[in-house]
Amino acid sequence: LHKLLQQAQANLLSATATFEQVVGEKPVALTIPAQPPIPIESRDGVLSAAGAANPAVVAAEQQIKASEHAIDAAKGQLLPTVSLQALSQRTSDLGTGYGFTQVQSQVTANVQVPLYEAGIVTSQVRQAKQTYAQNRALRDNARKQAVSSAQQALDQLAGARARVVAQRESVA
């Protein structure tokens, strides 16, 4: 214990000399800085925040949304399409003295129903669904990694706090 105290005092003298060399003056009234507050108090809160707000998880969620839209777009190719065109033309002849006006109108409706697509669209739907399933698996994996990293960080924080308390008690 006496040896540890002497080593700590030697480290303090060395650090003081380094501080004076870098800053240009001796340190005065050294105090231990306050620990920054942890924004989420409970362990469960930290883990749930890590699983929801981690950038990798958020990115994976966006990939899932994109995959859902890709499925809808692929399924949309199997639906019928309707198009409507309208044309109106007006012709006036005032130069002959009779002053006639002619109006022509035309409306065209087209309906296309896919009857046979040789399985191409169906395979595109299957592929989009498979991509969706892969993106969900990637999201779940990213969430597990984020929660695991948060658990490790919390455990390291608890260990560091315990070491600080133990060292304070040994010095006092």
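What you see is a predicted model; the values in this text were computed from it and never measured. (Residues numbered from 1 in each chain as written. Predicted model: local features only at pLDDT ≥ 70, side-chain atom pairs only at ≥ 80, totals over all residues. Heavy atoms only, no water.)

Quick notes on the pattern of salt bridges
- On inspection of all chains with the given rule, the structure shows four salt bridges.
- For Arg 143, the salt bridge is made with Glu 61, and the minimal N-O distance between the two is 3.2 Å. With a gap of 82 residues between them, Arg 143 in helix α4 (residues 120–171) and Glu 61 in helix α3 (residues 55–76) connect regions that are remote in the sequence.
- Given a relative accessible area of 29%, Arg 143 falls into the partly exposed group.
- Between Asp 140 and Arg 139 there is a salt bridge, with the nearest N and O atoms lying 3.0 Å from each other.
- By relative accessible area, Arg 139 is classed as buried at 11%.
- Here the salt bridges do not stand alone but share partners, grouping Glu 61, Arg 139, Asp 140 and Arg 143 into one network. (Salt bridge = Lys/Arg side-chain N within 4 Å of Asp/Glu carboxyl O. Helix = DSSP H or I, 4+ residues; strand = E, 2+ residues; numbered from the N terminus. Buried < 20%, exposed > 50% of the residue type's maximum accessible area, 1.4 Å probe, protein only.)

Some points on the side chain of Ser 67
- Residue placement: Ser 67 occurs in helix α3.
- At 2.4 Å, the side chain of Ser 67 forms a polar contact with the side chain of Asn 135. (Polar contact = N/O pair within 3.5 Å; in protein donor to acceptor, adjacent residues only side chain to side chain.)

Focus: the pairing of strand β1 (residues 81–93)
- With zero of 13 residues buried, β1 is to be regarded as a mostly surface element.
- Bridge count for β1 against strand β2 (residues 100–112) is 13 bridges, and the pairing is antiparallel. Paired with Val 82 across the bridge in β2 is Val 111. (Pairing = 2+ DSSP bridges.)

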